[in-house]
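Examining the three-dimensional arrangement
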Amino acid sequence: MAKILAIRFSALGDVAMTVPVLYSFAKAYPQHQLVMLSRSALAPLFAYAPSNVTFKGVDLKSGYKGFGGLLRLYSELRGEKFDAVVDLHDVLRTKVLRLFFLMDGVRVAHIDKGRREKHRLVSARNKVKSPLESSFSRYRDVFRCLGYSFPFNFKSVFESGKSFPSLPEGFGEKEEGCKWIGIAPFAAHKGKIYPLLFQHKVVRLLSSVSGVRIFLFGGGNREKEILSAWEKEFPCVTSVVGCLKMDEELALMSKLDAMFTMDSGNMHLASLVGTPVVSVWGATHPYAGFMGWNQQPENIIQLDLPCRPCSVYGNRPCRWGDYRCLNGISPEKIVERIKKLTE
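Below is a short write-up of the structure. (Residues numbered from 1 in each chain as written. Predicted model: local features only at pLDDT ≥ 70, side-chain atom pairs only at ≥ 80, totals over all residues. Heavy atoms only, no water.)

This next bit is on the nonpolar core. In terms of nonpolar packing, the biggest core is built from 68 residues, with L45, F143, F217 and L252 touching the most fellow members. Here this core takes six residues from helix 2 (residues 19-28), the largest share from any one element. Ignoring sequence-local partners within four residues, the contact set of L252 consists of L167, F171, W180, F215, F217, V240 and L244. Counting residues in each nonpolar core, the second largest holds 30 residues, with I181, I226, V241 and I301 among its members. (Core = buried A, V, L, I, M, F, W, Y, C linked by side-chain atoms within 4.5 Å. Buried < 20%, exposed > 50% of the residue type's maximum accessible area, 1.4 Å probe, protein only. Helix = DSSP H or I, 4+ residues; strand = E, 2+ residues; numbered from the N terminus. Contact = heavy atoms within 4.5 Å.)

This structure, assessed with the given rule, holds 15 salt bridges. A cluster of three or more residues bridged by salt bridges with shared partners is formed by D87, D90, R98 and R115. (Salt bridge = Lys/Arg side-chain N within 4 Å of Asp/Glu carboxyl O.)

This paragraph deals with helix 8 (residues 221-233). For helix 8, which comprises 13 residues, the first-to-last C-alpha distance of 18 Å matches the rise-based estimate of 18 Å (1.5 Å per residue) to within 8%. Buried within helix 8 we find E223, I226, L227 and W230. Looking straight down helix 8, one finds its buried side chains confined to an arc of 90°; they lie on one side. Facing away from the buried side of helix 8 by over 90 degrees, the exposed positions are N221, E225 and K232. The inward-facing, buried residues of helix 8 abut helix 7 (196-207), strand 7 (212-216) and strand 8 (237-239). (Expected span 1.5 Å × (residues − 1). Arc of directions from axis to C-beta.)

Below, the discussion takes up the environment of L37. Following the sequence through the fold, L37 ends up in strand 2 (residues 33-39). Apart from residues no more than four positions distant in its own chain, L37 is found in contact with L5, A6, I7, R8, F9, K56, V58, L73, L77 and L97.

Right, let's talk about the packing of helix 2 against helix 6 (residues 135-145) for a bit. For the pair helix 2 and helix 6, interaxial distance at closest approach is 9 Å and the crossing angle is 40°. With respect to each other, helix 2 and helix 6 are oriented oblique. Here helix 2 and helix 6 pass one another in a crossing that is right-handed. Counted together, P20, V21, L22 and F25 of helix 2 and F136, Y139, R140 and F143 of helix 6 form the full contact between these two elements. (Axes fitted to C-alpha atoms, helices over the stretch in contact; angles between N-to-C directions. Parallel < 35°, antiparallel > 145°, perpendicular 65-115°, else oblique. Left-handed = near helix turned anticlockwise from the far one by under 90°.)

A separate point is the sheet that holds strand 8. Taken in spatial order, the six strands line up as 8-7-6-9-10-11 in an open sheet, and their pairing is parallel. Looking at the sheet topology across the chains shown, the edges are occupied by strand 8 and strand 11 (300-301). Bridge count between strand 7 and strand 8: three bridges; the pairing is parallel. Residue F215 lies in a different strand from strand 8, and its bridge partner there is T238. (Pairing = 2+ DSSP bridges.)

Taking 1.5 Å of rise per residue, 12 residues should cover 16 Å, and helix 12 (residues 331-342) covers 17 Å from first to last C-alpha, within 8% of that figure. Considered for burial, the residues of helix 12 that qualify are P331, I334, V335, R337, I338 and T342. Within helix 12, the buried residues cover an arc of 160° as seen down the axis, which keeps them to one side. Exposed and facing more than 90 degrees away from the buried side of helix 12 are E336 and K340. Contacts made by the buried residues of helix 12 are with strand 6 (179-184), helix 7, strand 9 (258-261), strand 10 (277-280) and strand 11.

Structurally, H110 can be placed in strand 5 (residues 107-110). By relative accessible area, H110 is classed as partly exposed at 40%. H110 has contacts with D87, D90, R98 and V142, leaving out every residue within four places of it along the chain.

Looking now at the sheet that holds strand 5. One key point about sheets: their strands pair by backbone hydrogen bonds, in either a parallel or an antiparallel sense. Sheet architecture is open: five strands sit in the order 3-2-1-4-5, paired in parallel fashion. Edge strands, defined here as strands with exactly one partner in the open sheet, are strand 3 (53-58) and strand 5. Pairs of neighbouring strands in the sheet enclose a mean axial angle of 20°, with direction left out of account. Bridge analysis of strand 4 (residues 84-87) against strand 5 gives four bridges, and the strand direction is parallel. Paired with D87 across the strands is H110, a residue of strand 5. Sitting on the sheet, helix 2 touches strand 1 (3-7), strand 2 and strand 3, and the angle it makes with strand 2 is about 165°.

Right, let's talk about the side chain of S123 for a bit. One can find S123 in the loop between helix 5 (115-122) and helix 6. In this structure the side chain of S123 is engaged in a polar contact, spanning 2.5 Å, whose partner is the backbone oxygen of R125. (Polar contact = N/O pair within 3.5 Å; in protein donor to acceptor, adjacent residues only side chain to side chain.)

Throughout the structure, instances matching the rule amount to 20 aromatic pairs. Their ring planes at 80° and their centres at 5.3 Å tell us that Y29 and Y148 sit as a pair that is edge-to-face. Of this pair, Y29 sits in the loop between helix 2 and strand 2 while Y148 is found in the loop between helix 6 and strand 6, placing the two residues 119 residues apart along the sequence. Here Y29 falls in the buried class, since its relative accessible area comes to 16%. On the basis of relative accessibility, which here comes to 8%, the residue Y148 falls in the buried class. Ring plane angle 15° and centroid distance 6.1 Å describe the contact between F171 and F215, whose orientation is recorded as stacked. Separated by 44 residues along the polypeptide, F171 in the loop between helix 6 and strand 6 and F215 in strand 7 bring together distant segments of the chain. For the pair shown, F171 and F215 are each scored as buried. (Phe/Tyr/Trp six-rings, centres within 6.5 Å; stacked < 30°, edge-to-face > 60°.)

Structure (structure tokens):
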């Protein structure tokens, strides 16, 4: 039996994309133990994992800050006697950690992020616009470097048979014939966010459809304020910002007939519970390999512009200043796609 450490810090979406890979490994190698090291706040993603997967959460901003913090973290991890380490992040702190393990005689492997290919994909000149390997495949390749080959075998974070959380009182039961639709209007960067004025219209058009109930997802005070106003304005619309823990959000998403998102963490959360997602892409592009797990290409809403994609993560300002890649998409097109998906 081997004990393997997998490391991925970073953003919610990046860590969420490790879940199908780690579940698949765990099923293919039930005799091995897998420990996932990540940020403490992301523990709910692994609460329903197979029995041979455990989660170790750390706070890199306090208890393990700086080089001294990494030494302290390594000391703790070293005591667990790992046989191998898979670095699914490949940033400075994970490079340091894996170097410590390597010096201690532990087998290590790290992700190839394909930085050069991604640079060509988003380049303003001599752009090479072709699909790259997905993050799921890149994560799996790290295990293969250590001799562990396995097929993808994942449907939902709730498939393990463990009872998942019930929703708080007030949400009610889903009535027969009723369609539940989730909408997550925000993302980390402006280049990923469909204009809120257009999203407001999407909510208005969908809320006017008989038998539809809409749930709004977000986080933070500003998003809460905006979505609370939409909740008050339209019938059958409920904002869940600040109302649910992450595992409860996952439980609610699993009951949805469809989810409308940006290229964001919520796209990945909905994907992890098997909910079909209609996603809008602006500065970024599915070709970079960050599409949600098992999502279908026909549910991608995007414009074919020569300048797209201009950013891997959506954090670059628009070269034209008008975000035409997002402003050129009509709310009606999105509503039509959602209706078709939920028919």
